[in-house]
Amino acid sequence: ARQSWGYQDHNGPEVWHELFPLANGDRQSPIAIKSSEVKYDPFLRPLSFSYDLTSPKVILNCGYAFSIECDDTEDRSVLRAGPLKGSYRLRQLHFHWGPTDDYGSEHTVDGLEFAAELHVVHWNSEKYPCFVDAAQQPDGLAIVGVLVKGSQVAFTNFDPSSLFPESLDYWTYHGSLTVPPLLESVIWIVLRQPITASSEQLATFRSLLCSAKGEPACCLLSNCRPPQPLRNRHVRAFFH
Ligand SMILES: NS(=O)(=O)N=C1NCCCN1
Ligand SMILES: [Zn+2]
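Since the structure is predicted, the reported quantities are computational estimates derived from the model, not experimental observations.

Asks: Tell me about the site of ligand 1, and please be specific about residues and values.
Replies: Around ligand 1, the surrounding shell consists of Tyr 64, Gln 92, His 94, His 96, His 119, Val 121, Phe 131, Ile 143, Leu 177, Thr 178, Val 179 and Trp 188. Between ligand 1 and His 94, the relevant distance is 3.3 Å, taken from a nitrogen atom to a side-chain nitrogen or oxygen of the residue. Relative to its unbound accessible surface of 310 Å², ligand 1 loses 91% to contact with the protein. According to the grid-proximity analysis, the pocket containing ligand 1 is the second largest pocket. Put simply, the parts of the chain that give the shell around ligand 1 at least two residues each are strand S7 (87-97) and strand S9 (116-124). By residue number, the principal contributor to the shell around ligand 1 is S7, which donates three residues. Residue composition of the shell around ligand 1, by class: seven nonpolar, five polar and no charged.

Structure representation (structure tokens):
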């Protein structure tokens, strides 16, 4: 289906507000994390996740990225603890990237842009019956954001935790989907330590098409939304 929004000048983040007024909402994502302004929260717990290798089902071009879609009909792959109340079920994972290795992450840290960013998307299966319902609720989703910096890296299996960095130190804040419909239903958990991807792997991201079959080929050179106003929000740190 033709997508109403994208990442080009005529349909990109600067004009999303025309079709999606939430773009100018009060808990939009991504944000620019300023480590000097985060506040250590001693009540935050370590992240706890358990991913079943058989949850991922298909990898597909979802128009705004490529995504690995998981079977979320039962609680087999879940994320708990951290800033969360209850258990959040794995739904899908996907990446965002830029036109060169110099930028492409959505969250930035102290002005640092990373080459790409992995999003591991979960929904609150204790309180809501399905992803679509959860996505309408302020505590409906939990997305782990993993920063990707350019260099050589070994890729492993599709178990999302194989893509998590060594350290699970994280920042957390209340935000939104970073792609339309931009729903303000996300408890963001951004890991401090980046993972790495090679220049060739990042170039392969950019070779993904955003044009439909039969249309002139148009590559998805970049799919990162710029940081949005923090407004009346605080970013909490799990680490000192
Ligand atoms: N970039 S994001 O905030 O993860 N946005 C998403 N939208 C659709 C479902 C998965 N995630
Ligand atoms: Zn995303």
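There is more to say after this.
Asks: Please provide a residue-by-residue account of the coordination of the zinc ion (ligand 2), values included.
Replies: Every protein donor of the zinc ion (ligand 2) is accounted for by His 94 (NE2), His 96 (NE2) and His 119 (ND1), and the metal-donor separations fall at 2.0 Å. Taken together, the four donor atoms coordinating the zinc ion (ligand 2) span angles of 100 to 117° at the metal, a pattern that classifies the geometry as tetrahedral. Ordering the donors of the zinc ion (ligand 2) by residue number gives the pattern H-x1-H-x22-H. You can see His 94 sitting in strand S7 and its partner His 119 sitting in strand S9, a full 25 residues away along the chain. A residue is classified by how much of its surface remains accessible, and His 94, at 6% relative accessible area, is buried.

Asks: Help me get a handle on the pairing of strand S6 (residues 78-81), residues and values and all.
Replies: Strand direction decides the pairing type here: strand S3 (residues 47-50) and S6, joined by four bridges, are antiparallel. Bridging from a neighbouring strand, Ser 48 pairs with Arg 80 of S6. Two strands pair when backbone bridges link them, and S6 and S7 are joined in this way by three bridges, in the antiparallel orientation. The residue of S7 that forms the bridge with Val 78 is Arg 89.

Asks: Describe the packing of aromatic side chains, with residues and values.
Replies: Applying the stated criterion to the full structure yields 14 aromatic pairs. For the pair Phe 49 and Phe 164, a centre-to-centre distance of 4.9 Å together with 90° between the ring planes defines the contact as edge-to-face. Here Phe 164 lies in the loop between strand S10 (141-150) and strand S11 (170-175) and Phe 49 lies in strand S3, a separation of 115 residues in the sequence. Here a set of aromatic residues connected by ring pairs shows up, and it is made of Trp 5, Tyr 7, Trp 16 and Tyr 64. Directly above the aromatic system of Phe 239 lies the positively charged group of Arg 192, at a separation of 3.7 Å from the ring centroid.

Asks: Before we move on, can you summarise helix H3 (residues 199-206) with the specific residues and values?
Replies: Residues Leu 202, Phe 205 and Arg 206 constitute the buried set of H3. All buried residues of H3 lie within an arc of 100° about the axis, which places them on one face of the element. Projecting away from the buried face of H3 at angles above 90 degrees are the exposed residues Glu 200 and Thr 204. The inward-facing, buried residues of H3 contact strand S5 (66-70), S7, S9, S10 and strand S13 (195-197).

Asks: Tell me about unusual backbone geometry, residues and numbers included.
Replies: Residue Ser 29 is joined to Pro 30 through a cis peptide bond whose omega torsion reads 0°. Its location among the elements puts Pro 30 in the loop between helix H1 (16-19) and strand S1 (32-33). Residue Pro 181 is reached from Pro 180 by a cis peptide bond, and omega for that bond is 15°. Mapped onto the fold, Pro 181 is located in the loop between S11 and strand S12 (186-191).

Asks: Residue-level account of the layout of surface pockets, with values.
Replies: By volume, the second largest pocket is sized at about 370 Å³. Lining the second largest pocket are 20 residues, with Tyr 64, Phe 131, Leu 177, Val 179 and Pro 181 sitting closest to its centre. Elements that contribute at least two residues to the lining of the second largest pocket include exactly S7, S9 and helix H2 (131-134). It is S7 that contributes the most residues to the lining of the second largest pocket, four residues altogether. Counted by class, the lining of the second largest pocket contains 12 nonpolar, six polar and two charged residues.

Reading guide: rules and limits
Residues numbered from 1 in each chain as written. Chains lettered and ligands numbered in written order. Predicted model: local features only at pLDDT ≥ 70, side-chain atom pairs only at ≥ 80, totals over all residues. Heavy atoms only, no water. Near = heavy atom within 4 Å. Polar contact = N/O pair within 3.5 Å; in protein donor to acceptor, adjacent residues only side chain to side chain. Areas by Shrake-Rupley, 256 points an atom, 1.4 Å probe, with all protein chains shown as cover. 1 Å grid on protein atoms, 1.4 Å probe; cavity = no way out; pocket = protein on both sides within 12 Å on 5 of 7 lines; lining within 4 Å. Sits in = over half its atoms within 2 Å of the grid points. Helix = DSSP H or I, 4+ residues; strand = E, 2+ residues; numbered from the N terminus. Nonpolar A, V, L, I, M, F, W, Y, C, P; charged D, E, K, R; others polar. Donors = N, O, S within 2.8 Å, 3.2 Å for Na, K, Ca; no water. Tetrahedral: all angles 85-135°; square planar, octahedral: opposite > 155°, others 65-115°. Buried < 20%, exposed > 50% of the residue type's maximum accessible area, 1.4 Å probe, protein only. Pairing = 2+ DSSP bridges. Phe/Tyr/Trp six-rings, centres within 6.5 Å; stacked < 30°, edge-to-face > 60°. Lys NZ or Arg CZ within 6 Å of the ring centre and 35° of its normal. Arc of directions from axis to C-beta. Contact = heavy atoms within 4.5 Å. Points joined across faces, edges and corners; volume = space filled by probe spheres on them.

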